[in-house]
Amino acid sequence: MSTLRAGVVAVQGDVTEHADAIERAADAHGVDADIVEIRSAGLVPDCDVLLLPGGESTTISRLLDREGIAEEITAHVEAGKPVLATCAGLIVSSRDAKDDRVQTLDILDVTVDRNAFGRQVDSFEAPLDVSGLDSPFPAVFIRAPLIDGVGDDVDVLAEWDGNPVAVRDGSVVGTSFHPELTADSRIHDLAFFDELEVEVEA
């Protein structure tokens with residue numbers, strides 16, 4: 001059985017939930033998942049895939065820069081390796097978060113409006129039609145960012161109320177919602193195994 005080394009950036013956010021989703025997706029492909037929690041530099045280069053979870057985007061961006069992880073994530077993407085960035089992870093990955101407090105990675109050619117879907121009390125779940133999935137995905141939105149601009153090479157995978165909420169830019173998939181908060185691991189599958197299937201099977 002092949003092994004997938006999956007790094008979950010663990011400076012903040014739903015680390016355990018994402019690790020569980022990656023393991024479910026890997027198991028469906030007959031692949032072992034070796035989950036690495038990343039809190040310091042030196043671990044990212046050995047990872048096949050990376051996940052940037054939600055949390056507080058200003059804090060996440062500051063810690064990534066301080067610990068030297070940010071430049072390693074950029075190199076990971078430049079090597080064509082997959083990344084899934086969710087909620088605050090999407091904000092940090094964007095080209096422009098429209099907030100000088102967020103030091104973005106610029107690995108996803110989108111602009112975002114932080115917390116555009118409202119406060120914590122405005123959180124909601126919605127069945128979402130996602131390109132590549134054969135049935136709606138139960139998307140959980142919690143203080144979700146709005147993707148209000150996409151680059152020419154960015155594919156919009158899903159929209160809600162006329163706005164993009166899931167996108168793909170090369171090997172990077174970003175979502176406004178939290179796919180790890182359901183038992184449905186198809187977003188993790190879409191982000192990682194669409195890109196890795198050939199290598200994993202080899």
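Residues numbered from 1 in each chain as written. Predicted model: local features only at pLDDT ≥ 70, side-chain atom pairs only at ≥ 80, totals over all residues. Heavy atoms only, no water.

Student: Lay out the nonpolar core with the relevant residues and their values.
Tutor: Formed by 32 residues in total, the largest nonpolar core has its most connected members in L52, L64, I73, L105 and V110. Elements represented by at least two residues in this core include exactly β2 (32-38), β3 (49-52), α2 (57-66), α3 (69-78), β4 (83-86), α4 (88-93) and β6 (108-113). Excluding anything up to four places from it in sequence, L105 contacts L52, L64, A70, I73, T74, V92, S93 and S94. Counting residues in hydrophobic clusters, the runner-up holds 30 residues, among them A6, L157, A191 and F193. (Core = buried A, V, L, I, M, F, W, Y, C linked by side-chain atoms within 4.5 Å. Buried < 20%, exposed > 50% of the residue type's maximum accessible area, 1.4 Å probe, protein only. Helix = DSSP H or I, 4+ residues; strand = E, 2+ residues; numbered from the N terminus. Contact = heavy atoms within 4.5 Å.)

Student: Describe the environment of P138, listing the residues and the values that go with them.
Tutor: Structurally, P138 is set in strand β8 (residues 137-141). Along the backbone, P138 and P179 are 41 residues apart, and their C-alpha atoms lie at a distance of 7.9 Å.

Student: Which residues make up the packing of aromatic side chains, and what are the values?
Tutor: The geometry of an aromatic ring pair comes down to the distance between the two centres and the angle between the two planes. Summed over the entire model, instances satisfying the criterion amount to four aromatic pairs. Judged by centre distance (4.7 Å) and plane angle (10°), the ring pair of F124 and F141 falls under stacked. Here F141 lies in strand β8 and F124 lies in strand β7 (residues 124-128), a separation of 17 residues in the sequence. Here F124 falls in the partly exposed class, since its relative accessible area comes to 25%. When the ring of F124 is compared with that of W160, the centres are 6.1 Å apart and the planes differ by 35°; the resulting orientation is tilted. Residue F124 is located in strand β7, and its partner W160 is located in strand β10 (residues 155-160); the two are separated by 36 residues in the primary sequence. In this structure W160 comes out as partly exposed when scored by relative accessible area, which is 30%. Taken together, the aromatic side chains of F124, F137, F141, W160 and F177 make up a single cluster linked through ring pairs. (Phe/Tyr/Trp six-rings, centres within 6.5 Å; stacked < 30°, edge-to-face > 60°.)

Student: Could you give an account of the confidence of the model for the chain, with specific residues and numbers?
Tutor: Of the residues in the chain, 91% reach a pLDDT of 70 or more, and the chain-wide mean stands at 90. Here residues 197-202 is modelled with pLDDT under 50, and outside its nearest four sequence neighbours on either side it reaches three contacts, counting other chains as well. (pLDDT = per-residue confidence, 0-100.)

Student: Which residues make up α3, and what values go with them?
Tutor: Three or more residues of α3 are buried, namely I69, A70, E72, I73, H76 and V77. What you see down the axis of α3 is that its buried residues fit within an arc of 165°, all on one side. Turned more than 90 degrees off the buried face of α3, the exposed positions are E71 and E78. On its buried face, α3 sits against β1 (3-9), β2, β3, α2, β4 and β12 (172-175). Positive backbone phi, at 80°, marks G80, one or two positions downstream of α3. (Arc of directions from axis to C-beta.)

Student: Could you give me a rundown of the environment of T59, with the residues and numbers involved?
Tutor: Within the secondary structure, T59 is located in helix α2. Measuring from C-alpha to C-alpha, the distance between T59 and S94 comes to 15 Å, with 35 residues separating the pair along the chain.

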